[in-house]
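# Structural features, examined
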Amino acid sequence: MEEDCKGCGSLPDHGCILNRVTRSGGSLPYRGTPGEMPRSNSARGPYADKRCRSCGKFESSCTTSKHAASLLVSAKKGSQKTKQEETKKKQVTRRWPLMSKPVDDVYLTWYYERPSYDVEEAVGMLKKFQELDFTHPKQYVYINVFLDMALQKKKKVDPFASTVLLPYRFTDEMNKVLVFTENEQEAEIARENGAAVVGGVELIKWILEDEIQVDFYVAVPAIMPKLIPLRNKLRRKYPSTKRNSMGHDIPKMLQLFREGLEYTVEDERVIKTRIARLDMPTEQIVANLKTVIHDICSFKPSTYGPFVQKLVIRSSTSEGLLLNLDGLLPQVEKVEEEENPEDDKEKHVQESVST
């Protein structure tokens, strides 16, 4: 029978690391340290510690295994660093628009800037599209207004809703308006001017139970303290001075909300609304467009810069056309700039006289 190896404690033919030495006839003395547990008849050391295949020592005292592990860790870190460097080196290819205009009618849009048109030219193109496509001539004209809602620091303009009275009506539809008043004379005036429902506190219960549903609600200031239960029900339709739905001029309020155009801010910065009909004259379409834009710009002070960033016009069946904003926005800032040079001239004349 084969004797156990004195160097590692295993049989020479079964996993002995010092196999060559024992077969040559030599014997290795047991080099144990004081207090070390005696070697067992296996390739494992004390406390089931495995032996290193390269040096024959236990893995707890082997330097080569630790060195190999450290090499693996450093290799992984090196591969991660190289990947990060490669991603940084990769530059995002951006397609810059060319300055020249396309020559042909068919071209790749991302190679050119999106063309913009004046209002009159864009309306004429929409009418031409309708004739070429043989679509309905009385289709509606829509606008998409993209706004800059930013104010000082992190403040923003809150999304709003408004009603504007257009100079040229394009539909025969009338909105239903309810008038809150307890005065008989005011109630009679409201009925004469086309109010759908007129009443006082007795209407609150019917509105809460959804038995009365109208488009707009108008009230006189005297009855407002009694309408507090309707605040959560009506929300933005609740009568207020900001929306011009509370006041003493009942005929004016009824005309605004029965014939006016309502628009709201969607997605925190976009307004989508119709402004005219395509068969209307170009001058009337432009007048309605300017009226809506001026009403929108009134919700942000001009000192914070232009409110409208982009304006697109389209019809029900056509593509959107980008409009030039020159001449469409209010001219408040330009008037102030024009007044400043005159003031400078007056100051210069006064200084010359004083000298």
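This is a predicted model, so every value here is computed, not measured.

Since the α-helix turns once every 3.6 residues, residues separated by three or four places project in the same direction. Buried within helix 4 (residues 184-192) are the following residues: Glu186, Ala187 and Ala190. All buried residues of helix 4 lie within an arc of 100 degrees about the axis, which places them on one face of the element. More than 90 degrees from the buried face of helix 4, the exposed residues found are Glu184, Gln185 and Glu192. Buried-residue contacts for helix 4 involve strand 4 (177-180), strand 5 (197-199) and helix 7 (250-259). Just downstream of helix 4 lies Gly194, where phi reads positive at about 95 degrees.

Below, the discussion takes up a nonpolar patch on the surface. Side chains of Leu108, Trp110 and Tyr111 sit close together on the surface and give an oily, nonpolar patch of about 310 Å² of accessible area. Assignment of secondary structure puts Tyr111 in the loop between helix 2 (63-89) and strand 1 (116-117).

Another point: the sheet that holds strand 4. Strand order across the open sheet formed by three strands is 5-4-6, with parallel pairing between neighbours. The open sheet is flanked by strand 5 and strand 6 (216-219), the only strands paired with a single partner. Looking at each pair of strands side by side, their axes are set apart by 15 degrees on average, direction ignored. Pairing between strand 4 and strand 6: four bridges, direction parallel.

Attention shifts here to the pattern of salt bridges. Inspection of the entire model under this criterion finds eight salt bridges. For Glu182, the salt bridge identified is with Lys226, shortest N-O distance 3.2 Å. In this pair, Glu182 sits in the loop between strand 4 and helix 4 while Lys226 sits in the loop between strand 6 and helix 6 (231-234), placing the two residues 44 residues apart along the sequence. Under the relative-accessibility criterion, Lys226 is labelled partly exposed at 42%. Of the charged contacts in the structure, one is a salt bridge between Glu188 and Arg191, with a shortest N-O distance of 3.8 Å.

Looking now at the sheet that holds strand 2 (residues 140-147). Taken in spatial order, the seven strands of this open sheet run 1-10-9-2-8-7-3, and their pairing is mixed. Strands at the two margins of the open sheet, each flanked by one partner only, are strand 1 and strand 3 (161-164). Bridge count for strand 7 (residues 261-266) against strand 8 (residues 270-277) is two bridges, and the pairing is antiparallel. Bridging from a neighbouring strand, Val265 pairs with Ile271 of strand 8.

Turning to the side chain of Asn288, a few remarks are in order. Following the sequence through the fold, Asn288 ends up in helix 8 (residues 282-297). For Asn288, the residues in contact, after removing those within four places along its chain, are Leu166, Pro167, Tyr168, Phe170, Ile275, Ala276 and Met280.

Counting 38 residues, the largest nonpolar core has Val145, Leu147, Phe160, Leu289, Ile296 and Ile313 as its most contacted members. Of all the secondary structure elements, the ones that give two or more residues to this core are helix 3 (119-133), strand 2, strand 7, strand 8, helix 8, strand 9 (308-315) and strand 10 (321-323). Counting residues per element, this core draws most heavily on helix 8, at seven residues. Here Phe160 is in contact with Leu147, Tyr263, Thr264, Val265, Ile271, Ile296, Phe299 and Phe307, once residues within four sequence places are set aside. Grouped together as the second largest cluster of nonpolar side chains are 29 residues, Val198, Met224, Tyr238 and Met253 included.

A few words on the packing of aromatic side chains. All chains considered together, the criterion is met by five aromatic pairs. Consider the rings of Tyr140 and Phe170, whose centres lie 5.9 Å apart with planes at 75 degrees: the pair is edge-to-face. Placement of the pair is Tyr140 in strand 2 and Phe170 in the loop between strand 3 and strand 4, with a sequence separation of 30 residues. Taken together through their ring pairs, the aromatic side chains of Phe160, Phe299 and Phe307 make up a single cluster. Here Arg274 stacks its cationic end above the ring of Tyr140, 4.4 Å away from the centre of that ring. The ring of Phe146 carries Lys310 above its face, with NZ or CZ at 4.6 Å from the centroid.

About the criteria used
Residues numbered from 1 in each chain as written. Predicted model: local features only at pLDDT ≥ 70, side-chain atom pairs only at ≥ 80, totals over all residues. Heavy atoms only, no water. Buried < 20%, exposed > 50% of the residue type's maximum accessible area, 1.4 Å probe, protein only. Helix = DSSP H or I, 4+ residues; strand = E, 2+ residues; numbered from the N terminus. Arc of directions from axis to C-beta. Contact = heavy atoms within 4.5 Å. Patch = residues over 30% accessible without salt bridge, like charges linked within 9 Å, V, L, I, M, F, W, Y side chains within 5 Å. Areas by Shrake-Rupley, 256 points an atom, 1.4 Å probe, with all protein chains shown as cover. Salt bridge = Lys/Arg side-chain N within 4 Å of Asp/Glu carboxyl O. Pairing = 2+ DSSP bridges. Axes fitted to C-alpha atoms, helices over the stretch in contact; angles between N-to-C directions. Core = buried A, V, L, I, M, F, W, Y, C linked by side-chain atoms within 4.5 Å. Phe/Tyr/Trp six-rings, centres within 6.5 Å; stacked < 30°, edge-to-face > 60°. Lys NZ or Arg CZ within 6 Å of the ring centre and 35° of its normal.

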